[in-house]
Amino acid sequence: MYTQSFSVPDNAGQKNVAAVPSTENPELMAAFDARIDADGRIEPQDWMPEAYRKTLVRQISQHAHSEIVGMLPEGNWISRAPSLKRKAILIAKVQDEGGHGLYLYSAAETLGTSRDQMLEGLHSGKAKYSSIFNYPTLNWADVGVIGWLVDGAAIMNQIPLCRCSYGPYSRAMVRVCKEESFHQRQGYEALLVMMQGTEAQRAMVQDAVNRLWWKCLAMFGPPDADSPNSAQGMRWGIKRISNDELRQKFVDATVPQAKVLGVTLPDPDLKWNEERQHYDYGQIDWQEFWNTVEGNGPCNKERLATRVKAHNDGQWVRDAALAYTRKQQQRAQKEAA
Amino acid sequence: MSAPAEYILHLADNAVVLGQRNAEWCGHGPILEEDIAMGNVSLDYIGQARLLYQLAATRLGGDATEDKLAYFRDETQFRNYTLLELPHNGPLVGYAVSDRDYATTVVRNFLYGALMVLVWDALEKSPDADLAAIAAKSLKEARYHLHHAADWLVRFGDGTEESHRRAQAAVDHLFPYTEEFWTPSVAEDAAVAAGAGVDVRSLRAAWDAIVNETLSEATLVRPQVRGYVPEGKHGRHSEHLGYLLGEMQGLARAHPGATW
C-alpha cells in the first residue's frame, strides 16, 4: 500500500511551498551532489542537506502512515470474508501492510526521527497518508479491487523508489514491492473468480471498480504542472518518474486487464490514442481529491480517530512492558551487586 | 484407527472461533509489532481450522466441504469451547458494547495455548495418520502461541498496577471456563474409544503445572472455581457465539452456492 504522490506537503493544501534556500557547507554539498549525480546511495551516517533529510522523513513517514491506516479499510472485511481461504489471504495481506509500516518507520528512524514523533504527526493530523484510504470499503469485491488497482497503482509508484538515492528507503522498497506484486496478483485472481461466478458477484466487482477507479488515478498525485516538490525530488533522486507519467503507465497497463476481467472502467473518455500510443482518459476531480487530502473526505475522521484510539487504548500495554523490563534490569543489577 | 468426524469438528471449531476472535485486533493492536504478532496467531488458527475441516469433510463424505462446515452450520452444531467465543472484555451480556481488553485476549490465549500444546503433543502420536500430521504442524504453532501469551501475561502481572489489575480480572473472569476442558464430550470419548484421540483428563496435571508456574511468575492468583461448567463442546453455548457466527457467516450465506 502506498501514499499518493509524495509531493503532497504535510499540513498544506495545493498552494506552492517556497524552495528552501541552501545555507549548507559548500564542500559537503558538492560531495553530496556528486554522489547523487553518480547515482550513488546516501547512507544514514553520510552528510546530507537538511532539506533532503526533511523531505525524506516526510515522504517515508507518509508512506508508513499509509500502510498503517491502509490496514483499516481491508481489515473491515476480515471478519466477514466469505471463505476460509479468502479470510487467511486477507489476514496475511493486512499483516504484510503492518510489516511494511514497520520497515518504513525503521527506515525513517535512521534519519533521526523516532517512531513516536512520526506517530504524533499522524495522530495530530499534521502528517498526511494516502487519501485512497479515506474511502469506505462497501462490498467484499473492494478487497480484490484494492489489491488489483490500489496495489497496482502503488507498484507503479514504488518500483522507481527501489532506486531511490537514500539507501535504507530503497532497500525497504525492494521488499515492499515484492509483496505488493503478490497482493496485486491475489486481488486480481479473487476478482477473476467472482467474475466467473453469479450475477450478484459480478455486480459487486463492477460496483467496487466504479467507486475506486478515479480515486486510484488521483493516487499518483496532482498533475506535474501543480506539483511543487516534484522538481527538487527528481534532482535528489528521491522521485524518479513524474506523477503524470506514472498515471499514464498505470492506465495503459490496466485497460487490457479490465478487458480480460470483463469490467467496464467508468470513464467515457477512455480510448486508445494512436498518435500518442497511449490511452486518453477523462478529467480527474481534483477538487474532491484536495477536499479529501485536507481531511474532509468520507472516512478521514473515522480512520484517524481509530488509529488514535488504538494507540491510546494500548498505552497501558506498552507501559506494562516497559515497567516489567525495568524491574528485570533492577533485579539483575541487585543480583550482580 | 481413525478419529470420528465429530471429534475433528470440535478441534476445527475451536480453531476457527479463536482465529475469528483474535483477528478482531487486526489494525487495532496496542503496538505495531503486537498487531502483526496477533495477526499471525489468528492466521495459524485459521490455517489449522482449514486442515481440520478438510479432513472432517473427507470423513463425512457427501457434499461436505471446508467452507460448508465453517459457514453453513448453525450455532448449536458448533463444538468449540465456550471460552473461545467470548468477546475480548470482561463478563458482559451478548449485546453489551465494550472496549477490547488486551489482558482478556492474552489470558485466553494462554489458558487455551497451555491446553493445546498438550493435546497436539498427544495427537501427534495418534495412529490416525491424517490427524497426527495436522497435530505435528499445529504443535509447533501452539508452542509459539503459548510462549507469546505467557510472556505477555508475566509482563502484565508483574508490570504496572493497572496491568496487574487487568490481568487478574481477566484470569478471574476466564478461569471458570477452563472447567469445560476436563469433562469429556461424546465425541472425545468416541475418539478415545477408537484409539485415535486423547483423554483430556490425563492432561490436567500437566496443564495445572504450566498454568501455576506462569501465574506465580506473573504474581497472579489462581481463583477458586465452582458451580456452572460450560458446555460449548456439547453445542450449548454462551450468548456470544450467535453474534460471532452471524458476522462470520452472513456474506457466505447471502450467496449460497457461490464460489469465492
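**Q** Explain the overall build of chain B residue by residue, including any values.
**A** Of regular secondary structure, chain B possesses nine helices and zero strands. Taking 260 residues into account, the globule formula puts the C-alpha radius of gyration at 18 Å, and chain B, at 18 Å, falls close to it. For chain B, the C-alpha atoms occupy an extent of roughly 55 × 40 × 35 Å along the three principal directions. Buried residues in chain B amount to 57% of all 260 residues. By sequence separation, contacts in chain B at least 24 residues apart represent 80% of the contacts at least 6 residues apart.

**Q** Lay out the interface of chain B and chain A with the relevant residues and their values.
**A** By a widely used convention, the size of an interface equals the accessible area lost when the partners come together. At the interface, 47 residues of chain B touch 48 residues of chain A. For the chain B and chain A pair, buried surface summed over both sides reaches about 4000 Å², with 67% attributable to carbon and sulfur atoms. Here chain B is connected to chain A by four salt bridges. Here Lys-309 of chain A ties to Asp-99 of chain B by a salt bridge, and the two come within 2.8 Å at their closest N and O atoms. Viewed at the interface, chain A and chain B are joined by 16 residue pairs in polar contact (both at pLDDT 80 or more). Those elements that place two or more of their residues in the side of chain B that touches chain A are helix 1 (5–23), helix 2 (32–60), helix 3 (66–71), helix 4 (102–123), helix 5 (129–157), helix 6 (161–174) and helix 9 (240–254) of chain B. The element that contributes the greatest number of residues to the side of chain B that touches chain A is helix 2 of chain B, accounting for eleven residues. Grouping the amino acids of the side of chain B that touches chain A by side-chain chemistry returns 22 nonpolar, twelve polar and 13 charged.

**Q** Describe the packing of helix 12 (residues 300–313) of chain A against helix 13 (residues 315–336) of chain A, with residues and values.
**A** All names here are of chain A. For the pair helix 12 and helix 13, the least separation of the axes is 4 Å and the interaxial angle reads 35 degrees. Between helix 12 and helix 13, the residues in contact are His-311, Asn-312 and Asp-313 and Gln-315, Trp-316 and Arg-318, respectively. Classifying every residue of the contact of helix 12 with helix 13 gives one nonpolar, three polar and two charged.

**Q** Now, about the side chain of Glu-141 of chain B: what can you tell me, with residues and values included?
**A** Relative to the helices and strands, Glu-141 of chain B is located in helix 5. Setting aside residues no more than four positions away along its own chain, Glu-141 of chain B makes contact with Asp-44 and Gln-48 of chain B.

**Q** Go over the environment of Asn-40 of chain B, please, and point to the residues and values.
**A** Residue and element names in this part refer to chain B. Take Asn-40: it is sitting in helix 2. By relative accessible area, Asn-40 is classed as partly exposed at 32%. Note: C-alpha distance between Asn-40 and Val-221 (181 residues apart in sequence) is 29 Å.

**Q** So what about helix 2 of chain B? Which residues, and what values?
**A** Taking 1.5 Å of rise per residue, 29 residues should cover 42 Å, and helix 2 of chain B covers 42 Å from first to last C-alpha, within 8% of that figure. Gly-61 of chain B occupies a position one or two residues after helix 2 of chain B and carries a positive phi of about 70 degrees.

Conventions used here
- Residues numbered from 1 in each chain as written.
- Chains lettered and ligands numbered in written order.
- Predicted model: local features only at pLDDT ≥ 70, side-chain atom pairs only at ≥ 80, totals over all residues.
- Heavy atoms only, no water.
- Helix = DSSP H or I, 4+ residues; strand = E, 2+ residues; numbered from the N terminus.
- Rg over C-alpha atoms; globule rule 2.2 N^0.38 Å.
- Buried < 20%, exposed > 50% of the residue type's maximum accessible area, 1.4 Å probe, protein only.
- Contact = heavy atoms within 4.5 Å.
- Buried area = accessible area lost by both parts, 1.4 Å probe.
- Salt bridge = Lys/Arg side-chain N within 4 Å of Asp/Glu carboxyl O.
- Polar contact = N/O pair within 3.5 Å; in protein donor to acceptor, adjacent residues only side chain to side chain.
- Nonpolar A, V, L, I, M, F, W, Y, C, P; charged D, E, K, R; others polar.
- Axes fitted to C-alpha atoms, helices over the stretch in contact; angles between N-to-C directions.
- Expected span 1.5 Å × (residues − 1).

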